[in-house]
Each structure stands twice: as C-alpha cells, then as structure tokens.
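Descriptive structure summary
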Amino acid sequence: MKRLFASAVTGAAALLLVASTGAQAQTYNLTLCGASPGGLWSLLGAGIDAAVKKSFPGSTVTYQTSGGGLANVALLDQGTCDVAIIHDAEAKLALSGKEPFKAPIESMATVAQLYTWAPMQAIVSADFAKEHNLAKLEDIAEQKLPIRIALNKRGNIVSSVGESMLNAIGANIDEIKSWGGDVQFAASGEQGDLMRDRRVDMILNSLFVNHSSIRELASSIDVDLLPITEETAQKVVDEWDIKPFTIKNDSYDWTNSDKLTVTVSAQLFVRADADEQMVHNISKALVDNVDQLNGVHKAMAPLDVELMAGARTVPYHPAAKKVFEEAGY
C-alpha cells in the first residue's frame, strides 16, 4: 500500500514524498518569478522546469511573469515565489537598501549563476562618430558633445547602469542637455527605430553580443561600437558589483578592435531560509542537466557548471554551495 506524506517548505513550494515498496520518488511544485512572458527569462524558466523534471519526474516549475528582477526581489522576500531570476545589480541595490527599496533586503541566497554575457553596448551612428571624432565613450564629456542618447526605460536596472556609465565619464544627463544633447528612455524594442529615424545618435543598453536587434540596426544604417576606459569600467564595477566585459572584434563585421565595457549577470535565487533538501535537489538537477538550460537558446550556449558556480554578489545557499563543491567547484 502506498502512503502519502506532505512536508512543508518555505514559500509556495510543495514537496511530496511517495513511498512504495521501499522506493522513494520526490515531486516538486515550484513557482519561478521571471519577467516578460516571451523573453529569454521565460526560456530559462522552461529550461529549469525541464532540468527539474528530468531529475524528478512529475515535477513542475511554473513560470510567473513579473516586472523583472527588481520586482522579483520583493516577491521572493514575501514568499510569493520559491525561486526567482534577478540581476546581480538588482541584488546589489536590495542588499544596500537603495531606491526603489526602502530598507536592506537580505533574505536572498544564490542557487546558480545563469549568464554573464549581456554587456552594456554603446552603439553609435557612424556618421555622428566620424563628424565629432568620437572614438570612446569618454570623448562625449571631453568634447562636450551634443549627443542624443537612448537608455532603457526608467525602472529597468540597465537604465540605471547606463546612467552610472555616463556619470563615470563626467557626462550626467543635465550636462548632456546643456551641451545641446538629450537623453531619452525607451524600451529595447523601440531603440532601433529611434536610431534608424535619426532621432537619437546612440543607444546605451544591455544586449547579448550580436543580438538580432543589433544586426537589424547595422543592416539599416552604419554604426560603430564605443569602448570605455579601464578607469571608467572600474568605477561602474565598484558601484554595482558587476563585471568588466570585452566584446571581441570578431563579434561584428563593422568593428575594428576589441571593445571594453561592463556587463550585468543574472542569477537564480531562493530565500536564505528555504528548505535545504529542496535547494540541494534543485541545484543538483541543474548541475546534472545543464544541457536543458544551455539548449533553450543559442545565446545560452556558454552556460556550464563552472559558470553556474561563479556568482559573487549574494552568498550561495549552503545546500547549493555543497552541490557545487561536490561537483569540483
């Protein structure tokens, strides 16, 4: 005779243990807070669901749409979701209690790093760059250029990182406007049209290298990619606890050298007080089935267990840390 036992776990998770003739099967029903319904994070949610299902047949990881990583910090803190995808820069804001948070939030624990290759890319009109002898981002401030820049929408963390990059070079928004330029805030999907219509001269946004939107833009108008200096990169890295990133010259056929910038990363988090056995098993499922994640999109191909173990902004949950240590990391 089968006996059904239920044990409580933190948040909305339900862990069922079914014992039959000495064998034990575990089934997880988890909620994962992501972002938009059709973006990369939804694909990652599907990959995480597939990985957990492969190790624990019958399990379900349900992807819940949200406003993104900043919203997910609060949702995870409240126990609305069991696991959540959050950018490192967003976690940094939460830990420090800076806007939009009213106080430090320290209830997060890392399970795995998911990607580190969404660099801030300063894509400029080649005509504007040639006219003003613009070769690096710092030239904007040095020459007080009347440049029109598109950042991501306010409230999106990469918009804040973009502002920090401008501040780091000595070109805050008010100064740019005083030089005859402007800074607009637009969603990623709108920025290409702004460039093509000559309503902005530069996009400064976090995008995967060789993203389709960049290819489409470069096929419409001549563009260039501006690097930043090591000094600027270090200022932004120190402010946000993110990482420097070099975009290789062979990434695009319209660049002529490697370009230094910074990048945001995305991690999978649980609450620090989450059930240890659940965190261990979910972490082990990701390690054992990493192909379920790096196969969801060609942009995720570089993901491996070593990268999963490389997060640094928020400490790993002890159960996840043990899994990676057992795997040799």
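Predicted model, so just to flag it, every value in this text is computed and none were measured.

So, about the overall build of the protein. From N to C terminus, the protein includes 14 helices and twelve strands. Computed over the C-alpha atoms, the radius of gyration of the protein is 22 Å, within 12% of the 20 Å expected from 2.2 N^0.38 for a compact globule of 329 residues. A principal-axis box enclosing the C-alpha atoms of the protein has dimensions of 80 × 40 × 35 Å. Residue burial in the protein is summarised as follows: out of 329 residues, 53% are buried.

Right, let's talk about the environment of Gly39 for a bit. Tracing the sequence through the fold places Gly39 in the loop between β3 (23-33) and α1 (40-55). Residues Gly39 and Ala168, spaced 129 residues apart in sequence, show a C-alpha to C-alpha distance of 30 Å.

Once that is clear, we can look at the packing of aromatic side chains. Under the criterion given, the structure shown has five aromatic pairs. Summarising the aromatic geometry, the rings of Tyr28 and Phe56 are spaced 5.3 Å apart at their centres and angled 80° between planes, so their arrangement reads as edge-to-face. Taken together, the residues span a long stretch of sequence, with Tyr28 in strand β3 and Phe56 in the loop between α1 and β4 (60-64) at a distance of 28 residues. Like Tyr28, the residue Phe56 is buried in the burial classification. Plain terms: the ring middles of Tyr252 and Trp254 are 4.5 Å apart, the flat faces sit at 25° to each other, and that makes the pair stacked. Judged by its relative accessible area of 22%, Trp254 is partly exposed. Chaining the aromatic ring pairs together yields one cluster made of Tyr115, Trp117 and Phe208.

Bringing the pattern of salt bridges into the picture now. One pass over the structure, following the stated rule, counts 16 salt bridges. In this structure, Lys284 and Asp288 form a salt bridge, with 2.8 Å as the shortest nitrogen-oxygen distance. A residue pair is termed a helical-turn pair when its members lie 3 or 4 positions apart in one helix, as Lys284 and Asp288 do in helix α11 (residues 276-288) at four residues. With relative accessibility at 34%, the residue Lys284 sits in the partly exposed group.

It is worth spelling out the environment of Lys130 at this point. Mapping Lys130 onto the fold places it in helix α4 (residues 126-132). For the pair formed by Lys130 and Asp224, sequence separation is 94 residues and the distance between their alpha carbons is 9.7 Å.

In contact at an axis separation of 10 Å, helix α8 (residues 188-196) and helix α9 (residues 212-220) are set at 10° when each is read in the N-to-C sense. Regarding the angle of α8 to α9, the classification is roughly parallel. Two secondary-structure elements touch here, α8 through Gly192, Met195 and Arg196 and α9 through Glu216, Leu217 and Ser220. Each residue belonging to the contact of α8 with α9 can be placed in one class, and the counts come to two nonpolar, two polar and two charged.

Let us now look at the nonpolar core. With 115 residues, the main nonpolar core has Tyr115, Ile140, Ile149, Met202 and Val262 as its most contacted residues. If one sorts the elements of this core by residue count, strand β6 (residues 108-125) sits on top with twelve residues. Discounting residues that sit within four places of it in the chain, Tyr115 has contacts with Leu40, Trp41, Leu44, His87, Phe208, Ser265, Ala266, Met300 and Leu307.

Tracing the backbone through its elements, the reader meets Ala126 in helix α4. According to the relative accessible area criterion, Ala126 is partly exposed, its value standing at 23%. Between the alpha carbons of Ala126 and Trp254 there is a distance of 10.0 Å; along the sequence they are 128 residues apart. For Ala126, the contacting residues outside a window of four places in its chain are Asp222, Val223 and Asp224.

Along the chain, Thr261 turns up in strand β12 (residues 259-271). We classify Thr261 as buried; its relative accessible area is 4%. A distance of 2.6 Å separates a polar atom in the side chain of Thr261 from the backbone oxygen of Met120. With sequence-adjacent residues up to four places away left out, Thr261 is seen in contact with Pro119, Met120, Met165, Ile228, Pro244, Phe245 and Ile247.

Summarising the model, the protein shows a mean pLDDT of 91, and 92% of its residues fall at 70 or more. Segment residues 1-24 is flagged for pLDDT under 50; beyond a separation of four residues in sequence, or across chains, it makes 44 contacts in the model.

Now for unusual backbone geometry. Put simply, Glu99 and Pro100 share a cis peptide bond, and its omega is 10°. When you line up the elements, Pro100 lands in the loop between α3 (88-96) and β6. With phi around 65°, Arg198 is a residue other than glycine that occupies positive phi space. For Asp241, which is not glycine, the phi torsion reads 60° and is therefore positive. Mapped onto the secondary structure, Asp241 falls in the loop between α10 (230-240) and β11 (243-247).

What counts and how
Residues numbered from 1 in each chain as written. Predicted model: local features only at pLDDT ≥ 70, side-chain atom pairs only at ≥ 80, totals over all residues. Heavy atoms only, no water. Helix = DSSP H or I, 4+ residues; strand = E, 2+ residues; numbered from the N terminus. Rg over C-alpha atoms; globule rule 2.2 N^0.38 Å. Buried < 20%, exposed > 50% of the residue type's maximum accessible area, 1.4 Å probe, protein only. Phe/Tyr/Trp six-rings, centres within 6.5 Å; stacked < 30°, edge-to-face > 60°. Salt bridge = Lys/Arg side-chain N within 4 Å of Asp/Glu carboxyl O. Axes fitted to C-alpha atoms, helices over the stretch in contact; angles between N-to-C directions. Parallel < 35°, antiparallel > 145°, perpendicular 65-115°, else oblique. Contact = heavy atoms within 4.5 Å. Nonpolar A, V, L, I, M, F, W, Y, C, P; charged D, E, K, R; others polar. Core = buried A, V, L, I, M, F, W, Y, C linked by side-chain atoms within 4.5 Å. Polar contact = N/O pair within 3.5 Å; in protein donor to acceptor, adjacent residues only side chain to side chain. pLDDT = per-residue confidence, 0-100.

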